[in-house]
Amino acid sequence: MTEHAGRRRPPRTARPNPTPKAGRDLPAAIGVGLGLLVVVLGTLFFLPLGFVAVVTGFACLGVWEVARALESYGIRVTIAPLMLASVALPFVSYFGGLEALLYGVVAGAFAILVWRSAESAEGAAPSIYASIFILAWVPFFISFAVLAMHTGVGQASIGLWPGGQAPQGVFQLMTMLLLVVANDTFGYLVGASLGKHPMAPKISPKKSWEGFAGSVAGAVLIGILACVFFLDKPWWLGVVLAIGMVGAATAGDLAESMVKRELGVKDMSSILPGHGGVMDRLDSVLFAAPVAFILFHVFENAH
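Definitions and limits used
The residue numbers shown here count from 1 along each chain, following its written sequence. The predicted origin of the model limits local features to residues at a pLDDT of at least 70 and limits the giving and counting of side-chain atom pairs to 80 or more, whereas totals for whole chains, interfaces and linings rest on all residues. Only hydrogens and water are removed before side-chain values are computed, so all heavy atoms of the structure are retained for them. Each reported salt bridge corresponds to a side-chain nitrogen of Lys or Arg within 4 Å of a carboxyl oxygen of Asp or Glu. Numbering of helices and strands starts at the N terminus; helices are DSSP runs of H or I of at least 4 residues and strands are runs of E of at least 2. When accessible area is computed with a 1.4 Å probe and restricted to protein chains, residues below 20% of their type maximum are described as buried, those above 50% as exposed, and intermediate ones as partly exposed. pLDDT measures how confident the predictor is about each residue, on a scale from 0 to 100. When checking whether two residues touch, look at their non-hydrogen atoms; a contact exists if any pair is within 4.5 Å. Polar contacts, as counted here, are pairs of nitrogen or oxygen atoms within 3.5 Å of one another; within protein the pair requires one atom able to donate a hydrogen and one able to accept it, and residues that are adjacent in sequence qualify only if both atoms are side-chain atoms.

**Thoughts on the pattern of salt bridges**
Taken as a whole and judged by the stated rule, the model has six salt bridges. Between K260 and E256 there is a salt bridge; the shortest N-O distance is 3.7 Å. With K260 and E256 both in helix α7 (residues 235-263) and four residues apart, this pair spans about one turn of that helix. A network of salt bridges, in which partner residues are shared, links R76, R116 and E119.

**Section: unusual backbone geometry**
The backbone phi angle of D232 is positive, close to 55 degrees, even though this residue is not glycine. Topologically, D232 is positioned in the loop between α6 (209-231) and α7. Classification of D232 as exposed rests on a relative accessible area of 69%.

**Some details on the confidence of the model for the chain**
Regions with low pLDDT should not have their predicted coordinates read in detail. For the chain, mean pLDDT is 84; residues scoring 70 or higher make up 84% of the total. Within the chain, the lowest mean pLDDT, 78, falls on helix α1 (residues 26-46), and the highest, 95, falls on helix α3 (residues 79-117). With pLDDT under 50 throughout, residues 1-8 is counted as low confidence; its partners more than four residues away or in other chains account for 18 contacts. Segment residues 10-23 is flagged for pLDDT under 50; beyond a separation of four residues in sequence, or across chains, it makes 20 contacts in the model.

**Focus: the side chain of R116**
Mapped onto the elements of the fold, R116 is located in helix α3. Using a relative accessible area of 4% as the deciding quantity, one classes R116 as buried. A polar side-chain atom of R116 sits 2.6 Å from the main-chain carbonyl oxygen of S120.

In structure tokens, the structure reads:
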């Protein structure tokens with residue numbers, strides 16, 4: 001990585017597109033999606049520390065993809081402290097909780113500043129801004145998914161959950177994931193068949209208001225069922241969670257689309273067959289995880 005931020009960026013039309021323009025490989029997409037689902041849910045319920053490791057892997061891959069895309073645009077990021085933060089923050093969240101996560105983010109930002117100060121001054125400002133942006137967007141946001149599993153100081157499980165009983169936070173996290181999947185699935189089904197009014201044509205032309213309505217309707221159904229059967233909560237909380245998750249997931253999807261459009265790439269990478277990059281799958285979760293954590297926290301404190 002020798003290109004510096006101060007070097008003139010290539011014209012917008014000349015930026016390379018590292019991803020193929022071909023359509024999605026549907027069988028590969030289904031196979032990869034099911035495989036990821038098995039790994040995520042399996043570790044979530046039966047090997048909590050393994051789930052933290054999976055989240056950490058996603059964070060590291062996501063940081064690598066965004067850093068790679070930015071460097072193709074001419075912005076060099078401080079990859080070493082970013083990777084260190086990506087490894088540390090999920091584990092810090094699991095063992096230390098919210099306060100430890102916040103301290104970890106501050107330490108990560110400080111490490112970025114110190115690391116970049118040891119290099120040349122050329123392009124320092126864009127490099128620091130971009131690095132802290134990635135720190136907040138990927139490892140910080142995704143660590144909120146792990147926060148739901150934090151059960152208190154000295155109570156974090158290394159192996160299986162004590163007594164084989166997963167804490168309530170695990171079911172809250174599962175509900176968040178189900179709502180994100182519902183957002184994507186129902187939004188695609190309704191949008192592909194009925195979508196006529198683009199939601200953000202300059203950012204994501206295929207995303208329609210009809211698809212958004214389908215996402216809300218499908219997520220409300222899943223949210224109500226999850227609250228009644230998994231969370232033992234009133235049904236109306238499922239409506240609140242569904243609206244919050246669809247709004248957050250849609251914002252996350254649009255945010256990543258905006259970044260990709262600015263950088264001139266179709267997908268962040270091609271590491272996941274039929275899906276594109278890890279960030280192309282995490283974009284919704286990254287925004288949904290902190291919103292879900294806040295909603296559950298507010299509801300628990302209100303009762």
